[in-house]
Each structure stands twice: as C-alpha cells, then as structure tokens.
Amino acid sequence: GDSVTQMEGPVTLSEEAFLTINCTYTATGYPSLFWYVQYPGEGLQLLLKATKADDKGSNKGFEATYRKETTSFHLEKGSVQVSDSAVYFCALSGVTGSARQLTFGSGTQLTVLP
Amino acid sequence: ETGVTQSPTHLIKTRGQQVTLRCSSQSGHNTVSWYQQALGQGPQFIFQYYREEENGRGNFPPRFSGLQFPNYSSELNVNALELDDSALYLCASSLDRSNTEAFFGQGTRLTVV
C-alpha cells in the first residue's frame, strides 16, 4: 500500500538557518504530494502541493519539488523564523475504493530558536 | 467563506461508552473525510462521505461509523470506546471526491479513561 517516510525529528534550528525536511514515498500510480503544517493545539493547514513530476510547490518561502525518479518531496526554506515552529507532515493523495484520501508521514517537529 | 468547524473541541469518555463528533464542512464542499491522529503520529484515514454515502474506508473496525447530512455536515460515531481510541479526530472537507485538496478543521481531542 501507499506509505510516506519522513525525516525523524525533532529538528532545532536557529533563526535564519536553512531548513530541509526529507520525505520519500511509496505509491502506485502518480499521486499528488503535499506538505501540511500543524501549529500547537490546531488542525492541519495545507502549506504547499505538487500534482505531477517535476512540479515545484511553494508558499511562504517554503518549497518542495516532486521528484518521481527518487520518489521524494523534500521541504526546504532558505531562512526560518521563530514563527515557523510547528509540526510538518508530508502526505500523498491516493485512492481507497472511489475515495481520494491522504496518507501521511509521522511528522517532523521543528523548533526555531531566536 | 466559512472554514471547517468541529465540535466539541475536547471531551473525556469512559471505556465502553459511545461518542459522537460533529463537523461542518466548508461552504460548497460536498465531500468529508475523517482522520484519527494518535499522539506523536500522522493522521490516519478513517472514512470518507460523498453526497451522504460512505465513499471509502480505511483500516478501522465497524464500531467507527459516520453520517453525512443533506447540508454536507457530518458525524463520526464511535461505539464501545477503547483506551486506544484516545486521539485527535480531524475532519477534512473537499470540493468533491475527486479533488485532491482537503481543508481541515481544528480537531476534537478525545480522551478515553
């Protein structure tokens, strides 16, 4: 079945440091790929997405490129801020019966220190 | 445009009891999915409802059931609660069942004691 493997956390960075969170996936077909962010006590917010190979999703300075050859969708940001502290989830959109559903990785806790 | 709202935000139940969680989907969305997020884990797909019918189900037992109403709001019911059911339950709505983008509510934190 579909699966998503994320870089183990937690990750602690200083403000303005470069961020990479690795994500690889296993899926049949050509899934769409997503990064979601979860702030403490809240639900999930879509951060960015890519729907086909070589697409680059970007939002709020975060970027990720859909790499079919390496089945990866690594999240990057050039300069993190304290406000980026949250849990980040990589996900893919697969199919169960006729339902399109999301399969998530286990999440990576990011803490950014001032 | 209103977002996805869930109620209640927190509740505590005793093992063996039954619970109902509620979700109002985003305006114009006809598809609702429910996810269970255990502490420190990623969300896991429970099931999806499309136009009031179950449209797909993950690896959860039948004591997890749901409903979707004509206004596309939804309920998740869990019978015979077990301690392992303690989790954050997330509702997500989509424009339709083929749309890959899902919008999540803030979740209901269920604690089973």
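Everything here concerns the structure above.
Owing to the predicted nature of the structure, the values given are computational and were not obtained by experimental measurement.

Draft legend 1. Up close: the overall build of chain A. Of regular secondary structure, chain A possesses zero helices and 12 strands. Mapped in sequence order, the helices and strands of chain A form the string β-β-β-β-β-β-β-β-β-β-β-β. For chain A, whose C-alpha radius of gyration is 14 Å, the value lies close to the compact-globule estimate of 13 Å for 114 residues. Taken along the three principal axes of its C-alpha coordinates, chain A extends 45 × 30 × 20 Å.

Draft legend 2. Summary view of the state of the cysteines. Enumeration according to the criterion identifies two disulfides over all chains in this entry. Covalently, Cys 23 of chain A is tied to Cys 90 of chain A through a disulfide, its sulfur atoms 1.9 Å apart. Linking Cys 23 of chain A and Cys 90 of chain A, the disulfide has an S-S dihedral of approximately -70° and is accordingly described as left-handed. Taken together, the residues span a long stretch of sequence, with Cys 23 of chain A in strand E4 (residues 23-26) and Cys 90 of chain A in strand E10 (residues 86-96) at a distance of 67 residues. A single burial state applies to Cys 23 of chain A and to Cys 90 of chain A, both of which are buried. Disulfide pairing is shown between Cys 23 of chain B and Cys 91 of chain B; the S-S distance is 1.8 Å. Taking the torsion about the sulfur-sulfur bond, which here is approximately -60°, the covalent link between Cys 23 of chain B and Cys 91 of chain B counts as left-handed.

Draft legend 3. Unusual backbone geometry, seen in detail. Residue Pro 10 of chain A is bonded to the preceding Gly 9 of chain A through a cis peptide linkage, with omega at -10°. Residue position: Pro 10 of chain A is located in the loop between strand E1 (3-6) and strand E2 (11-14). Omega for the peptide link from Ser 7 of chain B to Pro 8 of chain B comes to -10°, which places this bond in the cis form. In this structure, Thr 71 of chain A takes a positive phi of about 40° despite not being glycine. Relative to the elements of secondary structure, Thr 71 of chain A occurs in the loop between strand E8 (62-65) and strand E9 (75-77). A positive phi is found at Tyr 72 of chain B, a non-glycine position, where the angle reads about 75°. The topology assignment puts Tyr 72 of chain B in the loop between strand E7 (64-68) and strand E8 (74-78).

Draft legend 4. Here's a closer look at the environment of Trp 35 of chain A. Along the chain, Trp 35 of chain A turns up in strand E5 (residues 32-38). Taking the C-alpha atoms as reference points, Trp 35 of chain A and Leu 75 of chain A, 40 residues apart in sequence, are found 7.7 Å from one another.

Draft legend 5. Quick peek at the interface of chain B and chain A. Contacts between chain B and chain A engage 21 residues on the former and 20 residues on the latter. Regarding the contact of chain B and chain A, the summed buried area is about 1600 Å², with carbon and sulfur atoms giving 53% of it. Seen at the junction of chain B and chain A, the total is one salt bridge. A salt bridge links Glu 101 of chain B to Lys 49 of chain A; its shortest N-O distance comes to 2.8 Å. Counting every contact that joins chain B to chain A gives four residue pairs in polar contact (both at pLDDT 80 or more). Mapped onto the side of chain B that touches chain A, the elements with two or more residues apiece are strand E4 (31-37), strand E5 (44-50), strand E6 (53-57) and strand E9 (87-94) of chain B. Taken together, the residues of the side of chain B that touches chain A sort by class into seven nonpolar, 11 polar and three charged.

Draft legend 6. Structural detail: the side chain of Glu 101 of chain B. You can see Glu 101 of chain B is positioned in the loop between E9 and strand E10 (103-104). At 2.8 Å, the side chain of Glu 101 of chain B forms a polar contact with the side chain of Lys 49 of chain A. Excluding anything up to four places from it in sequence, Glu 101 of chain B contacts Phe 34, Leu 46 and Lys 49 of chain A together with Ser 93 and Ser 94 of chain B.

Draft legend 7. Representation of the sheet that holds E9 of chain A in the model. Residue and element names in this part refer to chain A. With antiparallel pairing, the four strands of this open sheet are ordered in space as E3-E9-E8-E7. Both edges of this open sheet fall to strand E3 (19-21) and strand E7 (56-59), since each of them pairs with a single strand only. Each strand axis lies, on average, 15° off the axis of its neighbour in the sheet, ignoring direction. Two strands pair when backbone bridges link them, and E7 and E8 are joined in this way by four bridges, in the antiparallel orientation. Residue pairing for E8: Lys 56 is matched across the bridge by Thr 65.

Draft legend 8. Layout of the sheet that holds strand E3 (residues 19-24) of chain B. Residue and element names in this part refer to chain B. In spatial order, the strands read E1-E3-E8-E7; together these four strands make up an open sheet with antiparallel pairing. At either margin of the open sheet sits one strand with a lone partner, and together these are strand E1 (5-7) and E7. Averaged over neighbouring strand pairs, the angle between their axes works out to 20° when direction is ignored.

How each quantity is defined
Residues numbered from 1 in each chain as written. Chains lettered and ligands numbered in written order. Predicted model: local features only at pLDDT ≥ 70, side-chain atom pairs only at ≥ 80, totals over all residues. Heavy atoms only, no water. Helix = DSSP H or I, 4+ residues; strand = E, 2+ residues; numbered from the N terminus. Rg over C-alpha atoms; globule rule 2.2 N^0.38 Å. Disulfide = S-S within 2.5 Å. Buried < 20%, exposed > 50% of the residue type's maximum accessible area, 1.4 Å probe, protein only. Contact = heavy atoms within 4.5 Å. Buried area = accessible area lost by both parts, 1.4 Å probe. Salt bridge = Lys/Arg side-chain N within 4 Å of Asp/Glu carboxyl O. Polar contact = N/O pair within 3.5 Å; in protein donor to acceptor, adjacent residues only side chain to side chain. Nonpolar A, V, L, I, M, F, W, Y, C, P; charged D, E, K, R; others polar. Pairing = 2+ DSSP bridges. Axes fitted to C-alpha atoms, helices over the stretch in contact; angles between N-to-C directions.

Interpretation in functional terms is not warranted from these geometric data alone.
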